[in-house]
Amino acid sequence: TRVVVTSSAHVYGTNGDAEPLREDRALAPAGAYGRSKVDVEVIAREHAAHLAIVTARAFHLIGPGMPAGLLVPDLLAALRADVDPISMRGADGLRDFLDVRDGARALVDLAVSAFETPTVVNVCSGRGTRVSDVARGLIARSGHSRDLRFAPGSPLPLVGSNERLRRLVRFEPRHDLDATLDWIWRERA
């Protein structure tokens, strides 16, 4: 039985640098969420003798309908409330954003494609995008201008390599960031 275990890029924690994160990068989760995903990965490895385990480390999947407390819904809420300036919770870091439709397709492909397991696979676009570019893209779609304020600092990049994903399931993202932001804006209600 093939089991796809959904983990997170947050297992890499503070190990980001200028190079895209590969699956063999040492894990260094910085918070409780990242540590909980490392625990999930450990449990999955313990069952790899009996199950075909694929651990999918999802990066920043975005789309409409995300829960409050995340970048996109919080920004949309600030726009609805006519907040100006908009104070972002973190610094303006470089992140790997992937349309959730592409992420879901990648998970299905990992579940049904034939390749040797156990394996760990990054589910990501392989491209770095500044958080401010996502925020400004949504602000532009609102038809208004807003000042953005970020926390000080320069966080390490959190950008993945999708080389293994491309090799195993011939993955290529179908939706670029503009298409994703258009979809989010259309479905924001």
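Structure shown above.
In this report, we go over the structure that sits alongside the text.

### Examining the overall build of the protein chain
Here comes step 1: When its secondary structure is counted, the protein chain shows six helices and nine strands.
Here comes step 2: Its C-alpha atoms put the protein chain at 55 × 30 × 25 Å along the principal axes.
Here comes step 3: Evaluated residue by residue, the protein chain yields a buried proportion of 42% over its 189 residues.
Here comes step 4: Each charge class in the protein chain can be summarised by its mean position, and for the 25 positive and 24 negative side chains these summaries are 1 Å apart.

### Let's talk about the nonpolar core
Here comes step 1: If you look at the biggest cluster of nonpolar residues, it comprises 18 residues, and the most contacted ones within it are Val72, Leu75, Ile86, Met88, Leu138, Leu148 and Ile184.
Here comes step 2: Among the secondary structure elements, those contributing two or more residues to this core are α2 (71-80), α4 (131-142) and α6 (177-186).
Here comes step 3: Leaving out residues up to four positions away in the same chain, Met88 has contacts with Leu71, Leu75, Val131, Ala135, Leu148, Arg149, Phe150 and Ala151.
Here comes step 4: Judged by nonpolar contacts, the second largest core, of twelve residues, contains Leu98, Val121, Leu168 and Phe171.

### What to know about the sheet that holds strand β7 (residues 119-123)
Here comes step 1: Across the sheet, which stays open at both edges, the three strands sit in the order β1-β2-β7 with parallel pairing between neighbours. A single partner strand is all that each edge strand has here, and the edge strands are β1 (2-8) and β7. With strand direction ignored, the average angle separating the axes of adjacent strands in the sheet is 25°.
Here comes step 2: Strand direction decides the pairing type here: strand β2 (residues 52-58) and β7, joined by five bridges, are parallel. In the strand pairing of β7, Arg57 is matched with Asn122.
Here comes step 3: Packing of helix α3 (residues 100-112) onto the sheet brings it into contact with β1, β2 and β7, and relative to β1 it is tilted by some 145°.

### Side note on the environment of Tyr33
Here comes step 1: Mapped onto the secondary structure, Tyr33 falls in helix α1 (residues 32-46).
Here comes step 2: Judged by relative accessible area, which is 46%, Tyr33 ranks as partly exposed.
Here comes step 3: The residues contacting Tyr33, other than those within four sequence positions of it, are Ser8 and His10.

### As for the pattern of salt bridges
Close approach of charged atoms allows side chains of opposite charge to pair.
Here comes step 1: On inspection of all chains with the given rule, the structure shows twelve salt bridges.
Here comes step 2: For Glu41, the salt bridge is made with Arg57, and the minimal N-O distance between the two is 2.7 Å. Taken together, the positions of Glu41 in helix α1 and Arg57 in strand β2 put the pair 16 residues apart, joining distant regions of the chain. Assigned by exposure class, Glu41 and Arg57 land together as buried.
Here comes step 3: Residues Arg89 and Asp74 are paired through a salt bridge, measuring 3.9 Å at the closest nitrogen-oxygen approach. Taken as a pair, Arg89 in the loop between β4 (86-87) and β5 (94-95) and Asp74 in helix α2 lie far apart in primary sequence, 15 residues in all.
Here comes step 4: What makes Asp74 partly exposed here is its relative accessible area of 30%.

### With respect to the side chain of Asn162
Here comes step 1: On the secondary structure map, Asn162 appears in the loop between β9 (148-149) and α5 (163-169).
Here comes step 2: When near neighbours in sequence (up to four residues on either side) are disregarded, Asn162 contacts Cys124, Ser125, Gly126 and Phe171.

### Quick notes on the side chain of Arg105
Here comes step 1: Turning to its location among the elements, Arg105 is positioned in helix α3.
Here comes step 2: There is a polar contact of 2.9 Å between the side chain of Arg105 and the side chain of Asp102.
Here comes step 3: Once residues within four sequence positions are removed from consideration, Arg105 is found in contact with Phe171, Glu172, Pro173 and Arg174.

About the thresholds
- Residues numbered from 1 in each chain as written.
- Predicted model: local features only at pLDDT ≥ 70, side-chain atom pairs only at ≥ 80, totals over all residues.
- Heavy atoms only, no water.
- Helix = DSSP H or I, 4+ residues; strand = E, 2+ residues; numbered from the N terminus.
- Buried < 20%, exposed > 50% of the residue type's maximum accessible area, 1.4 Å probe, protein only.
- Lys, Arg positive; Asp, Glu negative; His and termini not counted.
- Charge placed at Lys NZ, Arg CZ, Asp CG, Glu CD.
- Core = buried A, V, L, I, M, F, W, Y, C linked by side-chain atoms within 4.5 Å.
- Contact = heavy atoms within 4.5 Å.
- Pairing = 2+ DSSP bridges.
- Axes fitted to C-alpha atoms, helices over the stretch in contact; angles between N-to-C directions.
- Salt bridge = Lys/Arg side-chain N within 4 Å of Asp/Glu carboxyl O.
- Polar contact = N/O pair within 3.5 Å; in protein donor to acceptor, adjacent residues only side chain to side chain.

Function cannot be read off these values alone, since they describe shape.
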